Amino acid sequence: MGLDIRVMTLEAKERSSFAHRAIAGLGLVGLGLAWAVLLAPCLLWLALSHLGRRLEPLVRRPA
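In this text, all values refer to a predicted model and were calculated from it rather than measured experimentally.

**With respect to the overall build of the chain**
Phase 1 of the analysis: Per the secondary structure count, the chain includes one helix and zero strands.
Phase 2 of the analysis: For 63 residues, the compact-globule formula gives about 11 Å, and the C-alpha radius of gyration of the chain, at 27 Å, lies well above that figure.
Phase 3 of the analysis: The principal-axis extent of the C-alpha atoms belonging to the chain is close to 90 × 30 × 10 Å.
Phase 4 of the analysis: Every one of the 63 residues in the chain was classed for burial, and the buried ones make up 2%.
Phase 5 of the analysis: Separation between the mean location of the 8 positive side-chain charges and that of the 4 negative ones in the chain comes to 19 Å.

Pasting the structure below:
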């Protein structure tokens, strides 16, 4: 049982670096989409709630 250390060539390092960057980019895109899916309904609810509060005095006028 020994320690096996392999030295990567420059080409292998560049390929590995590109793959890591591509996967990290996809992860960030996925994270952005997840936030959008989570926040879009919340923003819609807040906007409709705010609009409802603003229109409520117009709908319920005292007779």
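Still more ground to cover, so stick around.
**Focus on a nonpolar patch on the surface**
Phase 1 of the analysis: Judged by side-chain polarity, Leu28, Leu31, Trp35, Leu38, Leu39, Leu43, Trp45 and Leu46 come together as a nonpolar surface patch covering roughly 910 Å² of accessible area.
Phase 2 of the analysis: Of note, Leu31 is situated in helix H1 (residues 10-59).
Phase 3 of the analysis: Assessed through its relative accessible area of 48%, Leu31 is described here as partly exposed.

**Quick look at the environment of Cys42**
Phase 1 of the analysis: Turning to its location among the elements, Cys42 is positioned in helix H1.
Phase 2 of the analysis: Since its relative accessible area comes to 39%, Cys42 is described here as partly exposed.

**Focus on H1**
Phase 1 of the analysis: The terminal C-alpha atoms of H1, which comprises 50 residues, lie 71 Å apart, in line with the 74 Å expected from a rise of 1.5 Å per residue.
Phase 2 of the analysis: The largest bend along H1 reaches roughly 30° and is located at Leu39, with the proline Pro41 sitting one to four residues downstream.

Scoring rules and cut-offs
- Residues numbered from 1 in each chain as written.
- Predicted model: local features only at pLDDT ≥ 70, side-chain atom pairs only at ≥ 80, totals over all residues.
- Heavy atoms only, no water.
- Helix = DSSP H or I, 4+ residues; strand = E, 2+ residues; numbered from the N terminus.
- Rg over C-alpha atoms; globule rule 2.2 N^0.38 Å.
- Buried < 20%, exposed > 50% of the residue type's maximum accessible area, 1.4 Å probe, protein only.
- Lys, Arg positive; Asp, Glu negative; His and termini not counted.
- Charge placed at Lys NZ, Arg CZ, Asp CG, Glu CD.
- Patch = residues over 30% accessible without salt bridge, like charges linked within 9 Å, V, L, I, M, F, W, Y side chains within 5 Å.
- Areas by Shrake-Rupley, 256 points an atom, 1.4 Å probe, with all protein chains shown as cover.
- Salt bridge = Lys/Arg side-chain N within 4 Å of Asp/Glu carboxyl O.
- Expected span 1.5 Å × (residues − 1).
- Bend = angle between axes of the 7 residues up to and from the residue.

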